[in-house]
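Okay, here's what each chain looks like letter by letter:
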Amino acid sequence: MQHAAVSGRYPDLRLRRVRSTPALRALTAETELSPRHLILPLFVRKGTKLREPVASMPGVFRFSPDEAVREATLAFAAGVPAVILFGIAEKKDPEASGAYDSNGIVQETVRLLRAEIPELLVVTDVCLCEYMSHGHCGVVEKAAGSARILNDASLKLLSRVALSHAEAGSGLVAPSDMMDGRVSAIRGALDSEGFEDVPIMSYAAKYASAFYGPFRDAAESSPQFGDRRSYQMYSGNSDEALREVAQDIAEGADIVMVKPALAYLDIVRRVKDQFRYPTAAYAVSGEYSMIKAASERGWVDERAITIETHLAMRRAGADIILTYAAKDLAVWLKG
Ligand code: PBG
């Protein structure tokens, strides 16, 4: 033994030499990043053979359902077990009716993916913003010179959306709206229609964030007036995230999510430590685009920095990572 001197219970660290060999590092690594933890977001819109590049997110496309199947097949073959669908509405109205249409874009794509890739977990994002003419995540009541979100009216629509996803075959519904009480409303709606086994992943601690900019381009879901600060969280708050998560767990969430990821890893860690619950982190559009933009200029090493940032999310306590880089990561991690 090198460290013969033992003071109290612990060896004297001053005498300890740190040996680090590749084999030892592999044997003792505390955190593992593997494709099995990843969920790939896919934007889908009506049509066939569509693969529209999203300008602000190089490598990300708006797919027609047939092309979404092709992309999901590649990701699945590389080891990514799940995708999450975001629909781009054909028509928008103040009731977000496109969101719960049984022949809507998400419902159609879910059915096709389930038929073509039965082992793939198909997650569906439950929100109204993509389908609302005003682009907000809830029902809006407008009065002279002002507007407000109607929380409880929104719950009815959100439940209807989640139910339509479950009917289409969604394997996990993920409400991202941040209305109060939506997890229990959705749980109740699913249970009463025989979908007790469809789990809920709630966007529990979702911050109002500039990192969503490229997503709103991709999904055509920017609010037409105002912003989302009345229902998304202030980035300076941390205890509030724990209250939001506690609430969603009490209401029946099976997985809780923190979003965005990179700038909120302290929140991921607090949530994991406090609740010991399945925890997801969403590496959002702006995080992806920043790395893409810098690596296109040759300023950072895309592969190394993508692996490092996602490893950091796992180290912070994320069991699951939703990331636009899922397919690339899966291929890199295999290699
Ligand atoms: C919809 C929703 C958003 C994201 C996921 N679901 C946008 C928003 O809240 O404006 C953002 C995802 C991303 O930026 O990658 N409510």
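Up top you'll find the structure we're talking about.
Residues numbered from 1 in each chain as written. Predicted model: local features only at pLDDT ≥ 70, side-chain atom pairs only at ≥ 80, totals over all residues. Heavy atoms only, no water.

> Explain the site of the ligand to me, please; I cannot follow it from the model alone.
Near the ligand there are 18 residues, and of these Lys206, Arg216, Lys259, Ser285 and Tyr324 occur at the shortest range. Take arginine 228: an N or O atom from its side chain is 2.9 Å from an oxygen atom of the ligand. Looking at the shell around the ligand residue by residue, the class counts come to ten nonpolar, three polar and five charged. (Near = heavy atom within 4 Å. Polar contact = N/O pair within 3.5 Å; in protein donor to acceptor, adjacent residues only side chain to side chain. Nonpolar A, V, L, I, M, F, W, Y, C, P; charged D, E, K, R; others polar.)

> Any chance you could explain the packing of aromatic side chains here in plain terms?
The description of an aromatic ring pair rests on the distance of the ring centres and on the angle between the ring planes. Summed over all chains, the structure comprises ten aromatic pairs. On the basis of an interplanar angle of 40 degrees and a centroid distance of 5.7 Å, the ring pair of phenylalanine 61 and phenylalanine 63 is categorised as tilted. The residues phenylalanine 61 and phenylalanine 63 share a single accessibility class, namely buried. What links up through ring pairs into an aromatic cluster is the set Phe43, Phe86, Tyr203, Phe215, Tyr282, Tyr288 and Tyr324. (Phe/Tyr/Trp six-rings, centres within 6.5 Å; stacked < 30°, edge-to-face > 60°. Buried < 20%, exposed > 50% of the residue type's maximum accessible area, 1.4 Å probe, protein only.)

> Please clarify how the side chain of glutamate 67 should be interpreted in this entry.
Take glutamate 67: it is sitting in helix α2 (residues 65-77). Taking the relative accessible area as the measure of exposure, glutamate 67 reaches 9% and is therefore buried. One polar contact links glutamate 67 to arginine 51, side chain to side chain, over a distance of 3.3 Å. Non-local contacts of glutamate 67, meaning those with residues more than four positions away in its chain, are made with Lys49, Leu50 and Arg51. (Helix = DSSP H or I, 4+ residues; strand = E, 2+ residues; numbered from the N terminus. Contact = heavy atoms within 4.5 Å.)

> Any chance you could explain the pairing of strand β11 (residues 201-206) here in plain terms?
The two faces of a sheet get side chains in turn, since along a regular strand they alternate between them. A large share of β11 lies buried, amounting to six of its six residues. Relative to strand β12 (residues 255-259), β11 runs parallel, the two being bridged by five bridges. Counted as the bridge partner of methionine 201 is isoleucine 255 from β12. (Pairing = 2+ DSSP bridges.)

> Is there a simple way to explain the pattern of salt bridges in this structure?
Should the charged atoms of two oppositely charged side chains come close, the side chains can pair. What the rule picks out here adds up to 18 salt bridges. The partner of glutamate 141 in a salt bridge is arginine 148, and the shortest N-O contact between them spans 3.0 Å. With a shortest N-O distance of 3.0 Å, arginine 187 and aspartate 191 are connected by a salt bridge. Placement of the pair is arginine 187 and aspartate 191 together in helix α5 (residues 182-192), with a separation of four residues, close to one helical turn. (Salt bridge = Lys/Arg side-chain N within 4 Å of Asp/Glu carboxyl O.)

> Mind showing me how you'd approach unusual backbone geometry here?
Most peptide bonds are trans, and most residues other than glycine sit at a negative phi. Here the bond from lysine 259 into proline 260 is cis, since omega is -10 degrees, no more than 30 degrees from zero. Relative to the helices and strands, proline 260 is located in the loop between β12 and α8 (265-275). Phi is positive for alanine 96, close to 55 degrees, though the residue is something other than glycine. As for its placement among the helices and strands, alanine 96 is situated in the loop between β6 (82-87) and α3 (105-116). The phi dihedral of methionine 178 is positive, around 70 degrees, even though this residue is not glycine.

Structural measurements only, silent on function.
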